[in-house]
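# Descriptive analysis of the structure
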Amino acid sequence: MKKIVLAIDSFKGCLTSEEVEQCVAEEIHRLHPQCQTVAIPIADGGEGMLDTLINAMQGQIIYTRAHDPLMRMRTTRYGILGNQQTAVIEMAEINGLTTLSPAERNPMETSTYGTGELIKEALEKGFRRFIIGIGGSATNDAGMGMMQALGARLYDKEGNELGQGGKIMQHIARIDLDLLHPALKETSFTVACDVQNPFYGPQGAAYVFARQKGATDEQIHLLDKGMQHLARLIEQDFHIYINKVKGAGAAGGLGGAFHVLLKSRLQSGIELLLDTVGFDEQIKDADLVITGEGKADRQTCEGKVPAGVLKRATKAGIPTLLLAGKTEDRDLLEKMGFCQLIQISPDSLPAEQAIQPDIARENIRKATQCAFKTMQPLPPAPHVSGHQEQA
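Being a predicted model, the structure only gives us computed values, none of them experimental. (Residues numbered from 1 in each chain as written. Predicted model: local features only at pLDDT ≥ 70, side-chain atom pairs only at ≥ 80, totals over all residues. Heavy atoms only, no water.)

Oppositely charged side chains may form a pair once their charged atoms are brought near each other. Counted by the stated rule, this structure contains 22 salt bridges. Notably, a salt bridge pairs Glu-19 with Arg-361, separated by 3.6 Å at the nearest N-O pair. In this pair, Glu-19 sits in helix α1 (residues 17–31) while Arg-361 sits in helix α14 (residues 357–374), placing the two residues 342 residues apart along the sequence. You can call Arg-361 partly exposed: its relative accessible area is 22%. For the salt bridge of Arg-30 with Glu-27, the shortest nitrogen-to-oxygen distance reads 2.7 Å. In this pair, Arg-30 and Glu-27 both sit in helix α1, three residues apart, roughly one turn of the helix. (Salt bridge = Lys/Arg side-chain N within 4 Å of Asp/Glu carboxyl O. Helix = DSSP H or I, 4+ residues; strand = E, 2+ residues; numbered from the N terminus. Buried < 20%, exposed > 50% of the residue type's maximum accessible area, 1.4 Å probe, protein only.)

And the structure:
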């Protein structure tokens, strides 16, 4: 083989995408010194998207201050791609679960206001193109906090201006966009949305995600009631049935706010990342693509990094090998079309040991060596199946 492309997700809690790919590349070069390896650090649009894009596109990090989910000022950051035209914002950097302690998590109170502040700062620096990652949120305010930071005013039926948090949604009687930041009229947003959940209902933002953000059963019911109320208001005032928008429930309804109020395009996180780094161009003339993640199972089929990489490589007629710390549902993974499945960690190795970086690196090297020593001549990649098209 003359060229191998590496597009492997991070092994969360263990190694970054770059570190995993470096281990694999070093072993390939030891076994096949003449083989070119192309490493593409990758993520699926959730946490880690900012660093992935900035590193891949020779961008820069901007440090600033904004409000966290509980409206406390803190230092945070966003990025500018190397073309100096596109701002990248990862909402989890300022309004994510990791910014709060477990005891502080309460989506009745948490707000996306800080995300709006980062957008506003970039707007005022002249940026009119944005990539936004909305995974890992601590919020369920339907993006109302973000909209307030951008100039929207929210009023109750008595005409009082409302504050922050998921608790305000059921009290909103009017959304006033007259003072929205004027630059938004000429701004485009592409939103990396890694879930397809609707705005409200049994599969909506509150019932599926609010518990992990700290909500009680009663609060989940109130949040969903607020989302339903807001959906009716949006349908009345903006003539959009938001619950039919796939991904409107992402990040506690932030996806819906982007789509309806900021006319944004919601896109699969991995598809957005692959487009941005020019993946299709980088795999030209490749003999093999290697992808992977910490644990591969049936969820891998649902739009995660390996599924997105496999879909693109298959379309180009390039075989794809899956490398994972642990593998489950192997029959399903094999049916997806991977040419080979490689499990890095022995089944007998306890998880707490498997995720230690030094042990993981050694296991990656051993697994790569084993894979290349036993690899049979690679068949052409199969045609993309309908299942993969949905991934």
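Further remarks concern the sheet that holds strand β4 (residues 73–80). In spatial order, the strands read β3-β4-β5-β6-β9-β10; together these six strands make up an open sheet with mixed pairing. At either end of the open sheet lies a strand with only one pairing partner, and these are β3 (60–67) and β10 (265–267). Across the sheet, the mean angle from the axis of one strand to that of its neighbour is 25°, orientation sign disregarded. Direction of pairing for strand β5 (residues 86–90) relative to strand β6 (residues 129–133): parallel, over a ladder of five bridges. Bridge assignment links Ala-87 to a residue of β6, and that residue is Phe-130. Against the sheet, helix α4 (residues 113–124) makes contact with β3, β4, β5, β6 and β9 (188–192), and its axis sits at roughly 130° relative to β3, the strand it touches most. (Pairing = 2+ DSSP bridges. Axes fitted to C-alpha atoms, helices over the stretch in contact; angles between N-to-C directions. Contact = heavy atoms within 4.5 Å.)

Predicted confidence across the chain gives a mean pLDDT of 92, with 95% of residues reaching 70 or more. Note that residues 384–391 has pLDDT below 50 and, in this model, 15 contacts with residues that lie over four places away or in other chains. (pLDDT = per-residue confidence, 0-100.)

Here we come to helix α7 (residues 217–238). Between its first and last C-alpha atoms α7 spans 31 Å; for 22 residues at 1.5 Å apiece the expected length is 32 Å, and the two agree. Along α7, the positions that sit buried rather than exposed are Gln-219, Ile-220, Leu-223, Asp-224, Gly-226, Met-227, Leu-230, Ala-231, Leu-233 and Ile-234. On its buried face, α7 is in contact with α5 (144–149), β8 (174–176), α6 (205–209) and α8 (250–261). (Expected span 1.5 Å × (residues − 1).)

Looking now at the packing of aromatic side chains. This structure, assessed with the given rule, holds two aromatic pairs. Of the aromatic side chains, those joined through ring pairs into one cluster are Phe-130, Phe-189 and Phe-258. (Phe/Tyr/Trp six-rings, centres within 6.5 Å; stacked < 30°, edge-to-face > 60°.)

With that settled, consider the sheet that holds strand β2 (residues 36–39). On the basis of which strands lie adjacent, the open sheet formed by five strands has the order β2-β1-β11-β12-β13 and parallel pairing. Whereas interior strands pair on both sides, the edge strands pair on one side only; in this sheet they are β2 and β13 (340–343). Mean inter-strand twist for the sheet, computed between neighbouring axes without regard to direction, equals 25°. In this sheet, β13 lies alongside strand β12 (residues 320–327) in parallel orientation, the contact comprising four bridges. Residue Leu-322 lies in a different strand from β13, and its bridge partner there is Leu-341. Packed on one face of the sheet, α1 meets β1 (3–8), β2, β11 (288–296) and β12 and runs near 155° to β1. Running over the sheet, helix α11 (residues 305–315) touches β1, β11 and β12 and is turned about 160° from β11.

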